[in-house]
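Now for the letters of each chain:
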Amino acid sequence: MFRDDGQSGATLNRPGLDRLRDAVCAGEIDRVLITDPDQLSRNYVQMMIVLQELERFGCEVTFLDRPIGRDPHDQLLL
């Protein structure tokens, strides 16, 4: 579990997020479960940067409370 208790989702400079990104980059994680997209980031551009980075390393990201498909309509809603 990677948490950033007390850290704002408005920035990408968060210890828990950094550890997650490092673990995905090292191939230690191939799937990430997140309750809601705004738990990853409060900023859409930053969220897309992180999602693309995770996917580039072969990591699947699943939002549990708001599942997002791969079709263009779902991506627009994201």
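Located above this text is the structure these notes cover.
None of the values given here were measured: they were computed from a predicted structure. (Residues numbered from 1 in each chain as written. Predicted model: local features only at pLDDT ≥ 70, side-chain atom pairs only at ≥ 80, totals over all residues. Heavy atoms only, no water.)

K.L.:
Just checking my understanding: could you explain a nonpolar patch on the surface for this structure?
P.N.:
A cluster of nonpolar residues, Tyr44, Val45 and Ile49, forms a patch on the protein surface that exposes about 300 Å² of accessible area. Looking at where Val45 falls in the secondary structure, it is placed in helix 3 (residues 44-56). (Patch = residues over 30% accessible without salt bridge, like charges linked within 9 Å, V, L, I, M, F, W, Y side chains within 5 Å. Areas by Shrake-Rupley, 256 points an atom, 1.4 Å probe, with all protein chains shown as cover. Salt bridge = Lys/Arg side-chain N within 4 Å of Asp/Glu carboxyl O. Helix = DSSP H or I, 4+ residues; strand = E, 2+ residues; numbered from the N terminus.)

K.L.:
Please clarify how the pairing of strand 1 (residues 31-34) should be interpreted in this entry.
P.N.:
Side-chain direction in a regular strand flips from residue to residue, so the side chains alternate between the two faces of the sheet. Burial along strand 1 is one-sided: the residues Val32 and Ile34 are buried and none of Arg31 and Leu33 is. Two strands pair when backbone bridges link them, and strand 1 and strand 2 (residues 60-63) are joined in this way by four bridges, in the parallel orientation. What sits directly across from Leu33, in strand 2, is Thr62. (Buried < 20%, exposed > 50% of the residue type's maximum accessible area, 1.4 Å probe, protein only. Pairing = 2+ DSSP bridges.)

K.L.:
Any chance you could explain helix 3 here in plain terms?
P.N.:
Residues lying three or four places apart along an α-helix face the same way, a consequence of the helix completing one turn every 3.6 residues. With 13 residues, helix 3 should cover 18 Å at 1.5 Å per step; its first-to-last C-alpha distance of 18 Å lies within 8% of that length. Of the residues making up helix 3, those classed as buried are Met47, Met48, Val50, Leu51, Glu53 and Leu54. One or two residues past the end of helix 3 sits Gly58, with phi positive at roughly 80 degrees. (Expected span 1.5 Å × (residues − 1).)

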